[in-house]
Amino acid sequence: GVLQSKVARGKEREGLKYSDYFEWSEPVAKIPGHRVLAMFRGEHEGMLNLAIRPPEEKALALLSRRYVKNDSAAAAQVVGAVEDGYERLLATSIETDIRHKIKERADDEALRVFTRNMREHLMSPPLGRKVVLAIDPGYRTGCKVVCLDRQGCLLSNTTIYIEQSAAGTESAAAAIRGLVERYAIEAVAIGNGTAGREAEAFVRGLGLPEGLPIVMVNESGASVYSASAVAREEFPDLDLTVRGAVSIGRRLMDPMAELVKIDPGSIGVGQYQHDVDQARLKSSLGDVVMLCVNEVGVEVNTASVQLLSYVSGIGPALAKNIVDYRGKNGPYRSRAEIKKVPRLGPRAFEMAAGFLRIRDAQDPLDASAVHPESYGLVERMARDLGCASVSDLIRHEELRRKIDPQLYIGGGVGLPTITDILQELKKPGRDPREKFEMFAFDPGVSKIEHLVAGMRLPGIVTNVTNFGAFVDIGVHQDGLVHISRLSDTFVRDPADVVKLNQRVSVTVLSVDIERRRIVLSMKQAPDT
């Protein structure tokens, strides 16, 4: 089939005539999925007319050879029937079938991009449990400032104005310094939205304690959380923007724990999320969230209902029961205590227990990924080595090296399981996410007007698509690094070169301030 496209006649814009528009055709099989979705969107919005049909002459010639057997008087009637049948019925049926197939193919491609980016986003390195001061920047309504304890609970909130007047700026400076001292703040999180760079420059100029991390945080989707039922239930008396500041601070401590509270489709880590099959999108993103949560594990004494609901074997109802039991009876002291949660049966416990962690439990295995059904095996290893307890086996690497895995195979336990257990004993409860690293934008570049072609700037990858990557360089507008400019060598798939939240160095190639478009390059010797 051939896709033919023509700009719709009814959508002429000022200064353009219909003759300025174009007609275009291309074999359907050669069109990338992201372009298919873009063209279908253009058709839906009335900007394009699309037709997907084989060349009519070839189609009629093929049908004629099949059905017109001779040149008798009746043949003319058959030819007419063939032409009429093709125009009225067959051509439309072919187009419908091809549209369905290429849409399905395009959805597959888009969902692959979505799930890959979502995984990278969820697995972003956490700063860890810190007392955090978080700022949701703003001009007219001011910057919302909150202080959170190490569990992410709200300690204090206020509003400061940093650019409206000298008195306001001085008052804001005193407020920030006072909060940092009063709550012994260990890190500062600043949203990367409007006025984010200005707020960052303001905070950095306050002379806060040396070594205090000041981090720009991606606030994508924070407004969705702020208006959600989850946020209203937790903070019924707080303004939306204050809730947003809380979300920003918690994202710095543990991105995954906060992002699971937001509909994955609202985070914006793919392309054409509103054009793909929404049921498939929801299912695919839900699956990848569950995989990530289970890979990292969940601290059962601090986890929210939303985070617990993604653990295998636990849904929203059981997650709420776990949190309610914790609220009534205090922190869980062992994994075995989780069995007391109402309506959490043996099967659910068996599926979920290995993914639930209890720090500072009496049994050190309760803080690890070792499943309770394997505790006996680990205790047997400890006894065989003459250890006083499992804790000794965990602490002493030289003891673990003496373990012969072959001795413990049997009873439904294979070598892969034993290997996994030994790996876990090296670092019980280890977090598979990368270590958090500090990052800072160029302090002299905070607006798109500051950009000049040829500048070399640090940036963070915010989205990876099939045609390239978008990079935040700290000017409130992401720049595009086209696939042809991602590397000095040929790149087939951008994901082979970059990933979400990766720190990169880019060169500014061009800037269109009016259209707010920035073209970047990651090549060592960028072209123009």
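In this text, all values refer to a predicted model and were calculated from it rather than measured experimentally.

Participant: Any details on a negative patch on the surface? Residues and values, ideally.
Facilitator: On the surface, Glu56, Glu57, Glu83 and Glu87 cluster together into a patch of negative charge. The set of elements that each furnish at least two residues to the negative patch consists of α2 (56-67) and α3 (73-122). Along the polypeptide, glutamate 57 turns up in helix α2. Accessibility expressed as a relative area gives 62% for glutamate 57, which makes it exposed.

Participant: Break down helix α5 (residues 196-204) for me, citing the residues and quoting the values.
Facilitator: Within α5, 7 of the 9 residues are buried, which leaves it mostly tucked inside the rest of the structure. Residues of α5 that are buried: Gly196, Arg197, Glu198, Ala199, Glu200, Phe202 and Val203. Summarising the contacts, the buried residues of α5 are in contact with β4 (132-136), β6 (154-160), α4 (166-182), β7 (187-191) and β8 (214-217).

Participant: Could you give me a rundown of the nonpolar core, with the residues and numbers involved?
Facilitator: One recurring pattern in soluble globular proteins is that nonpolar side chains are buried together. Of all hydrophobic cores here, the largest spans 76 residues; its most connected members are Leu252, Met256, Val293, Leu308 and Ile338. The element contributing the most residues to this core is α3, with 8 residues. Not counting chain neighbours up to four residues away, the residues in contact with leucine 252 comprise Pro126, Leu127, Gly128, Val132, Ala187, Val188, Ala189, Val215, Val217 and Phe436. Counting residues in hydrophobic clusters, the runner-up holds 28 residues, among them Val145, Ala199, Ile214 and Met216.

Participant: Could you give an account of the sheet that holds β4, naming the residues involved and the relevant values?
Facilitator: Ordered by their spatial adjacency, 5 strands build an open sheet running β6-β5-β4-β7-β8, and the pairing between neighbours is mixed. Of all the strands in the sheet, just β6 and β8 have a single pairing partner and so form its edges. Averaged over all pairs of adjacent strands, the angle between strand axes in this sheet comes to 20°, irrespective of strand direction. When strand β5 (residues 143-148) meets β6, the two strands line up antiparallel, connected through 6 bridges. Counterpart to lysine 144 in the pairing with β6 is threonine 159.

Definitions and cut-offs
- Residues numbered from 1 in each chain as written.
- Predicted model: local features only at pLDDT ≥ 70, side-chain atom pairs only at ≥ 80, totals over all residues.
- Heavy atoms only, no water.
- Patch = residues over 30% accessible without salt bridge, like charges linked within 9 Å, V, L, I, M, F, W, Y side chains within 5 Å.
- Areas by Shrake-Rupley, 256 points an atom, 1.4 Å probe, with all protein chains shown as cover.
- Salt bridge = Lys/Arg side-chain N within 4 Å of Asp/Glu carboxyl O.
- Lys, Arg positive; Asp, Glu negative; His and termini not counted.
- Charge placed at Lys NZ, Arg CZ, Asp CG, Glu CD.
- Helix = DSSP H or I, 4+ residues; strand = E, 2+ residues; numbered from the N terminus.
- Buried < 20%, exposed > 50% of the residue type's maximum accessible area, 1.4 Å probe, protein only.
- Contact = heavy atoms within 4.5 Å.
- Core = buried A, V, L, I, M, F, W, Y, C linked by side-chain atoms within 4.5 Å.
- Pairing = 2+ DSSP bridges.
- Axes fitted to C-alpha atoms, helices over the stretch in contact; angles between N-to-C directions.

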